[in-house]
Structures are given as structure tokens and as C-alpha cells.
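A look at the structure
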Amino acid sequence: MERPELSITVQRTPDEVVIQLAGEIDVLTVTELAAVVNEVLAEPPTRIVLDMAGVMFCDSQGLGTLVVLSRKAQHTQVVLALVNVGDFLMRVLDITGLRSALMISSNT
């Protein structure tokens with residue numbers, strides 16, 4: 001059985017970068033996600049949006065990476081917001097207490 005990969009699509013506007021994610025954020029895919037966000041932060045926009053609509057799974061490594069990327073964005077004075085967060089991930093964020101560590105927006 002083949003595991004889903006993580007598909008990452010980046011859309012840029014002058015003030016915002018939207019990163020659409022689809023698949024799984026886990027120990028095998030966090031390096032790719034971190035590389036994309038770090039590349040965006042090299043020439044930082046005002047806001048980075050992680051569109052989580054297509055995310056089917058997120059393990060502890062993925063959660064930790066989201067928190068680290070959020071803090072790194074804050075350090076460069078960039079807002080990193082998660083949108084379209086599914087019920088399963090919202091529940092995991094609540095259980096782990098990480099919901100307050102991330103900016104979760106109801107719209108883009």
C-alpha cells in the first residue's frame with residue numbers, strides 16, 4: 001500500500017503567499033514543508049497562509065514543525081496563519097494544547 005505524499009503549491013501576491021498543502025504532514029514530509037516556508041521567509045511577505053484543506057494526516061513531527069515555522073515567521077515579523085483546518089487536526093491541536101501556539105484563521 002502506497003502512502004500519500006505531501007503536495008505543496010505556492011501562490012504569491014505582493015503582500016501574501018498562500019501555500020496549499022495536500023496529503024500528509026509527517027516525519028517523511030516535514031523537511032520539504034520547512035524548506036518551502038524558509039524559502040518564502042528569505043524574502044518575507046506580510047503574511048503566509050498555509051491552506052490545510054487537503055491535509056489528511058499530521059503526526060507529532062508535523063505539529064512540531066508547524067509551531068517552529070510559526071515562531072520563525074513571527075521572528076521575521078510575518079504572520080503565518082493556518083486556514084481550512086479540518087476537524088481532525090483541530091481536535092489534535094486542542095488535545096495537545098498547540099491550538100494557542102498557532103494562528104488559525106477561518107478565512108483567507
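Residues numbered from 1 in each chain as written. Predicted model: local features only at pLDDT ≥ 70, side-chain atom pairs only at ≥ 80, totals over all residues. Heavy atoms only, no water.

1. A short note on the overall build of the protein chain
Heads up, the condition is: Runs of E in the DSSP output that reach at least two residues are strands. Runs of H or I that reach at least four are helices, and both are numbered from the N terminus. Only C-alpha atoms enter the radius of gyration, while the globule expectation follows 2.2 Å times N to the 0.38, with N the number of residues. A 1.4 Å probe rolled over the protein chains alone gives each residue an accessible area, and that area as a share of the maximum for its type sets the label: buried under 20%, exposed over 50%, partly exposed in between. Contacts: residue pairs with any heavy atoms within 4.5 Å of one another. With residues, only the protein chains shown are counted as cover, and all accessible areas are computed by Shrake-Rupley using a 1.4 Å probe. Only four residue types enter the charge count, namely Lys and Arg as positive and Asp and Glu as negative; His and the chain termini do not. By convention, the point assigned to a charge is CZ for Arg, NZ for Lys, CD for Glu and CG for Asp.
When its secondary structure is counted, the protein chain shows 3 helices and 5 strands. A globule of 108 residues ought to have a C-alpha radius of gyration of about 13 Å, and the protein chain, at 13 Å, matches this closely. If you line up the protein chain on its principal axes, its C-alpha atoms span 40 × 30 × 20 Å. Looking at the 108 residues of the protein chain, the share that counts as buried comes to 44%. Of the contacts made within the protein chain by residues no fewer than 6 positions apart, 66% connect residues no fewer than 24 positions apart. As displayed, the protein chain has an accessible area near 6,200 Å², and 51% of this comes from carbon and sulfur atoms. Of the charged side chains in the protein chain, 7 are positive and 13 negative; the average position of the first set lies 8 Å away from that of the second.

2. Quick notes on the side chain of Thr29
Inspection of the secondary structure assignment puts Thr29 in the loop between strand 2 (16–25) and helix 1 (30–42). Not counting residues within four places of it along the chain, the set of residues in contact with Thr29 comprises Leu6 and Glu24.

3. Side note on unusual backbone geometry
We note that Gln77 has phi near 60°; this positive angle belongs to a residue other than glycine. Relative to the helices and strands, Gln77 resides in the loop between helix 2 (60–75) and strand 4 (79–83). Of the residues examined, Gln77 reaches a relative accessible area of 73% and is grouped as exposed. Look at Asn84: it is not a glycine, yet its phi comes out positive at around 55°. Residue position: Asn84 is located in the loop between strand 4 and helix 3 (87–96).

4. Remarks on helix 3
The periodicity of an α-helix, 3.6 residues per turn, causes residues three or four positions apart to be oriented the same way. As a reminder of what qualifies: Within this analysis, the arc is defined by the directions that extend from the helix axis to the C-beta atoms.
Leu89, Met90 and Leu93 are the residues of helix 3 that are buried. All buried residues of helix 3 fall inside an arc of 100° around its axis, so they share one side. Of the exposed residues in helix 3, the ones pointing more than 90 degrees away from its buried face are Asp87, Arg91 and Ile95. Each element contacted by the buried residues of helix 3 is listed here: strand 3 (47–58), helix 2 and strand 5 (103–105). Gly97, located one to two residues past helix 3, shows a positive phi value of around 80°.

5. Points about the sheet that holds strand 3
Spelled out, the test is: Strands pair, by our definition, only if DSSP identifies at least two bridges between them. A fitted line through C-alpha atoms serves as each axis, taken over the contacting stretch for helices, and the angle formed by two N-to-C directions is quoted from 0 to 180°.
Spatial ordering of the open sheet is given by 1-2-3-4-5, a layout of 5 strands whose pairing is mixed. On the outer flanks of this sheet lie strand 1 (6–12) and strand 5, each paired with one strand and no other. Going across the sheet, the axis of each strand differs from the next one's by a mean of 25°, ignoring polarity. Note: strand 1 against strand 2, 7 bridges, orientation antiparallel.

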